[in-house]
Amino acid sequence: MSKVFRRVSVCCFSASDSSAHAGMQADLRTLSDLAVHGCSVVTAITAQNSQRLLQCSASDQASLIAQWQSVAQDLKPVACKVGLLANSDQVKTLATIAGQYSAVWIADPVLQSSTGHNFHSPDFIAAYKQLLPQLDLITPNIPEAAALTGQPINSAEDVICAAKQLQRQGVGAVLIKGGHAIGGGTRSQDYFYSPDKQFWLSSPRQAAANNRGTGCVMASAIAAFISLGKSMADAVVLAYAYVQQGLRAGYAVGQGAGPVLNGGWPKALSDYPEVSEQADYVSPSPFASCDTDSLGLYPVIDSIDWLKKLLAAGVSTIQLRIKNLQGQALSETLNLAIQLGREYKARLFINDHWQLALQLKAYGVHLGQEDIGSADINALRAAGIRLGVSTHSEYEWARAHALRPSYIALGAVFATQTKPAQVIGLDNLQCWAPLLQQRYPVTAIGGINASNIAAVLASGVRSVAVVTAITQAACYRQATQQLLQQMAQA
Ligand SMILES: Cc1ncc(COP(=O)(O)OP(=O)(O)O)c(N)n1
Ligand SMILES: Cc1ncsc1CCOP(=O)(O)O
Ligand SMILES: [Mg+2]
């Protein structure tokens, strides 16, 4: 008997939009597009089209509660997306419901429709403040964030202050959208703020004529990605790309602006944001290139002895990962390694020790996520040293992408004995490798050996980094030749 596959569901509290450009129709379309079951609590029925909103008729409280109870008891949504609430009583009811039902609660506070209707009154805002402590994420645009905080927002600093203030009012995390409005800039900039991560998401601004429903689609897509197991930061990065992709292919259907397209899981790297802690981020010039699309077999070793053996065995990309030396012993070892790398015309990357690598003019450095916050990235780039960056998630590789590195590493693909490492699995590798290879050489690392390398290469990744598959093999030469051969045959 085949196994029954049960989809997760997300419940949307939104208004019906008769034109289906935004509102409940856009929410359900987004969820369906991302293979999540969307269920609904209709908060109002609006009569609107691409040009104007003619009527908004609120659902009564009894209907709201009955719709929710029927959905909650049976479908047990893992996330709830709150869109248009038609009056302050509805907001208060939502605060009670969200306080009683454990799910990820995401609200896109619709205070004004893009067709001009205003839902923004003092008692509505006061009621919304009761809802804030129940929310895991709120996604206001700049005017909405200003209305909710009572503070004008005219600069990047104001955006950050507003996000902090909303968080102090009890929201788990805040995404403030539409930073381009601040400087009339050419980049689209959103700001994400949570207790453990704060970052800007930016990309060149699209002048898209068909842009209706972006707020609804963004919040629903975040809910969808979270219900599929993504972290909040990863879901926000994915939803940003989903909306950029949708804007690129938005379509006209009435007389006015049309909706964004629901185009499936975002697959073009150019739709993903550059993620940076800097508000005024501009894409830097790229790091020096590795002069190849594929780094091939990439052993990671910890001594000069291994370096000599593997260079002699014909390996052309290699990393020196030394964790147990310091002072003069470390700099002498790195110096010797860099000379050997030059002699063999190999791509030798130095792990961690970026200052010495800079001083000794290494071919390249490999840095982890923790290191890229503290390393002098601009000095490395200016010195022409190549940069490789470790990544384990959409947020992390979007952060690496903002640096324009020479390559990106994805892993750990499988569990590894070499170090405690987050496992990404083959599924993520299959999704991320083709996407990142649109611009960067990509290498996969973690638990890879002769018995599973074929499955790894089937993801499309063209380089594989290994430690123990070589260093703990009975015969390192044979193991290296076998891995090289398996890569050549893929
Ligand atoms: C090719 C490659 N990918 C990932 C890593 C891991 O680097 P990092 O995150 O800096 O962790 P440590 O190696 O320092 O433990 C790597 N070294 N090489
Ligand atoms: C350094 C590193 N970074 C992520 S996994 C890993 C170790 C890979 O070692 P092995 O190839 O033996 O699993
Ligand atoms: Mg490191």
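Residues numbered from 1 in each chain as written. Chains lettered and ligands numbered in written order. Predicted model: local features only at pLDDT ≥ 70, side-chain atom pairs only at ≥ 80, totals over all residues. Heavy atoms only, no water.

### Topic: unusual backbone geometry
Cis peptide bonds are those with omega within 30 degrees of zero, and the linkage from G411 to A412 qualifies with 0 degrees. By the secondary structure assignment, A412 is in the loop between β16 (407-411) and α16 (425-436). The residue A35 is not glycine, and still its phi comes out positive at about 65 degrees. Among the secondary structure elements, A35 is positioned in the loop between α1 (23-33) and β2 (37-48). The backbone phi angle of D291 is positive, close to 55 degrees, even though this residue is not glycine. (Helix = DSSP H or I, 4+ residues; strand = E, 2+ residues; numbered from the N terminus.)

### Remarks on the sheet that holds strand β12 (residues 317-320)
Taken in spatial order, the eight strands close into a barrel running β11-β12-β13-β14-β15-β16-β17-β18, and their pairing is parallel. Across the sheet, the mean angle separating the axes of adjacent strands is 25 degrees when strand polarity is ignored. Alignment of strand β13 (residues 347-351) against strand β14 (residues 364-367), held across three bridges, turns out to be parallel. Across the sheet, N351 pairs through a bridge with H366, a residue of β14. Lying over the sheet, helix α11 (residues 327-343) contacts β12 and β13, oriented at roughly 160 degrees with respect to β13. Contacts from helix α19 (residues 476-489) reach β11 (296-301) and β18 (463-466) within the one sheet, and its direction differs from that of β11 by about 145 degrees. (Pairing = 2+ DSSP bridges. Axes fitted to C-alpha atoms, helices over the stretch in contact; angles between N-to-C directions. Contact = heavy atoms within 4.5 Å.)

### Observations concerning a nonpolar patch on the surface
Judged by side-chain polarity, Y251, V253 and L261 come together as a nonpolar surface patch covering roughly 250 Å² of accessible area. Secondary-structure assignment places V253 in the loop between α9 (232-248) and β10 (274-276). (Patch = residues over 30% accessible without salt bridge, like charges linked within 9 Å, V, L, I, M, F, W, Y side chains within 5 Å. Areas by Shrake-Rupley, 256 points an atom, 1.4 Å probe, with all protein chains shown as cover. Salt bridge = Lys/Arg side-chain N within 4 Å of Asp/Glu carboxyl O.)

### Points about the domain arrangement of the chain
For the chain, the assigned domains read domain 1 (9-276) and domain 2 (296-489). Here domain 1 and domain 2 have C-alpha centroids that lie 40 Å from each other. With 16 residues of domain 1 in contact, the opposing surface of domain 2 contributes 17 residues. Put simply, domain 1 and domain 2 have two salt bridges between them. R404 is the partner of E274 in a salt bridge, and the nearest nitrogen-oxygen pair spans 2.7 Å. (Domains from an automatic or database assignment.)

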